[in-house]
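# Structure assessment
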Amino acid sequence: MVILGIETSCDETAAAVVEDGKRILSNVVSSQIELHRQFGGIVPELASRSHLERIIPIIEQGLIEAKMRLEDLDCIAVTFGPGLLGSLLVGLTVAKGMSYALRVPLVGINHLEAHLYANFLTHPHLRPPLVGLVISGGHTELVYLSGERNYQLLGSTRDDAVGEAFDKVARILNLGYPGGPLVEKAAREGDSHSVPLPSVHFKEDTFDFSFSGIKTAVLYYVMNLEKKGVSIPTADLAASFQEKVAEVLTERVFKAASLKEVDRIVLGGGVSSNLFLRSFLEKEKPKGLKVFFPPPSLCTDNAAMVAACAYPKLKAGLTSPPSLDALPNLNF
Ligand code: KG4
Ligand code: ZN
């Protein structure tokens, strides 16, 4: 089974060809970072226009690199949510057109599920039950996967997503855009115990997250030093912020694993490419617990995870109708 995956939910235009849900024949990602950098964040209108210009050449490149022709495709898989409406519609419209013209099934994919699925693509023997954590620019979702396609959402962020907090802290520290990798780089030179930052505790017992308090504490710390004319310890602040976020994520994800009595945790989404977070989880994990991450290139948005996620659905006959709509607020 040869599946073409299409991903345009945010600011990456991506196409990939994956065979039998496992073998990546091509994985092309065109990032719009340069386009949005001058604005310090993603401009939705520009994102969708740019997807429109890029999508056909990117699909063509995906087919060429995979050494496949259109007639070789058995299915078109496409992200239909969550994401930016205009951006989602570009990928979805192209996918529907291709499915109709080639007379092959269409499979709509939840972007969050695809981020977790990147783990099944790279660890073929991995199976549920497990606890999953999707951490990206727009999402912080903790889920329990009891069996194939059986997701139970345990907790979400009540304010900023983790990646969003990284991006905002990068802006406060004048590091640039997109912030996550730049905060990680700056933090390597810093002392993570030099700046005390608050932990957020909710009154009730919950798996929800909150990151805006930690971000705002960084902002006030910087403003206070600026008022005094003292230079900003950028590396120390980046390291302290990064470690506090790692602590919060680790605490919640281990608690969820214990409650659900699972011995496997999988991570996905752009923030899971953070090497400090990866080693922090490995270091802190209780005995017997295994932590899985996709390789960094499959953590950030890509279409290989979309094509791979479609394979078991296609086999189970779970295809989508041509009326499939974009759902910007889709969750698990
Ligand atoms: O999954 P993704 O590519 O797109 C969304 O679905 O949002 O995630 C992008 C987010 C951005 O906020 C980016 O700053 C963050 O992931 N990110 C990182 C790292 N690499 C990307 N955050 C922390 N450390 C990183 N190394
Ligand atoms: Zn994503």
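Residues numbered from 1 in each chain as written. Chains lettered and ligands numbered in written order. Predicted model: local features only at pLDDT ≥ 70, side-chain atom pairs only at ≥ 80, totals over all residues. Heavy atoms only, no water.

This part covers the pairing of strand E2 (residues 12-19). Most of E2 is tucked away, with 7 of its 8 residues classed as buried. Pairing of strand E1 (residues 2-7) with E2, which is carried by 6 bridges, proceeds in the antiparallel orientation. Bridging across to E2, isoleucine 3 finds its partner in valine 18. In textbook terms, the turn of a hairpin is the stretch between consecutive antiparallel strands, and for E1 and E2 this stretch comprises 4 residues. Here E2 pairs with strand E3 (residues 23-31) via 8 bridges, running antiparallel. Each residue of the ladder has a partner; that of glutamate 12, found in E3, is serine 31. With antiparallel pairing between neighbouring strands as the criterion, E2 and E3 make up a hairpin whose turn holds 3 residues, including aspartate 20 at a positive phi of roughly 50 degrees. (Buried < 20%, exposed > 50% of the residue type's maximum accessible area, 1.4 Å probe, protein only. Helix = DSSP H or I, 4+ residues; strand = E, 2+ residues; numbered from the N terminus. Pairing = 2+ DSSP bridges.)

Another aspect to go through is the domain arrangement of the protein chain. Along its sequence, the protein chain is carved into domain 1 (2-116 + 299-315) and domain 2 (128-296). When each unit is reduced to the centre of its C-alpha atoms, the spacing between domain 1 and domain 2 is 27 Å. Listed by partner, the interface residues are 16 residues for domain 1 and 23 residues for domain 2. Carbon and sulfur atoms make up 65% of the area that domain 1 and domain 2 hide from each other, which totals about 1500 Å². (Domains from an automatic or database assignment. Contact = heavy atoms within 4.5 Å. Buried area = accessible area lost by both parts, 1.4 Å probe.)

Right, let's talk about the site of ligand 1 for a bit. Around ligand 1 there are 19 residues in total, and Gly137, Asp167, Glu184, Gly270 and Asn274 lie nearest to it. Within the contact set of ligand 1, an oxygen atom lies 3.0 Å away from a backbone nitrogen or oxygen of glycine 270. Within the side chain of asparagine 274, an N or O atom sits 3.0 Å from a nitrogen atom of ligand 1. With the chains in place, 89% of the 550 Å² that ligand 1 exposes on its own is no longer accessible. Elements with a minimum of two residues in the shell around ligand 1: helix H4 (111-122), helix H5 (162-172) and helix H6 (179-187). When grouped by side-chain class, the residues that make up the shell around ligand 1 number 4 nonpolar, 12 polar and 3 charged. (Near = heavy atom within 4 Å. Polar contact = N/O pair within 3.5 Å; in protein donor to acceptor, adjacent residues only side chain to side chain. Areas by Shrake-Rupley, 256 points an atom, 1.4 Å probe, with all protein chains shown as cover. Nonpolar A, V, L, I, M, F, W, Y, C, P; charged D, E, K, R; others polar.)

So, on to the coordination of the zinc ion (ligand 2). Protein-derived coordination of the zinc ion (ligand 2) comes from His111 (NE2), His115 (NE2) and Asp301 (OD), at a distance range of 2.0 to 2.1 Å. Look at where the donors of the zinc ion (ligand 2) fall in the sequence and you get H-x3-H-x185-D. Of the two residues, histidine 115 sits in helix H4 while aspartate 301 sits in the loop between helix H10 (296-299) and helix H11 (304-315), which places them 186 residues apart along the sequence. Residue histidine 115 is classed as buried on the basis of its relative accessible area of 1%. (Donors = N, O, S within 2.8 Å, 3.2 Å for Na, K, Ca; no water.)

Right, let's get into H11. Here H11 spans 17 Å end to end across 12 residues, near enough to the 16 Å set by a 1.5 Å rise per residue. H11 sits mainly inside the fold: 11 of its 12 residues count as buried. When H11 is considered as a whole, its buried residues turn out to be Ala304, Met305, Val306, Ala307, Ala308, Cys309, Ala310, Tyr311, Pro312, Lys313 and Leu314. Glycine 317, located one to two residues past H11, shows a positive phi value of around 75 degrees. (Expected span 1.5 Å × (residues − 1).)

For the pair helix H2 (residues 44-66) and helix H3 (residues 85-102), interaxial distance at closest approach is 8 Å and the crossing angle is 30 degrees. Between H2 and H3, the angle is such that the two are roughly parallel. The handedness of the crossing between H2 and H3 is right-handed. In this structure, H2 uses Ala47, Ser48, His51, Leu52, Ile55, Ile56 and Ile59 to contact H3, whose residues at the interface are Gly86, Ser87, Val90, Val94 and Met98. (Axes fitted to C-alpha atoms, helices over the stretch in contact; angles between N-to-C directions. Parallel < 35°, antiparallel > 145°, perpendicular 65-115°, else oblique. Left-handed = near helix turned anticlockwise from the far one by under 90°.)

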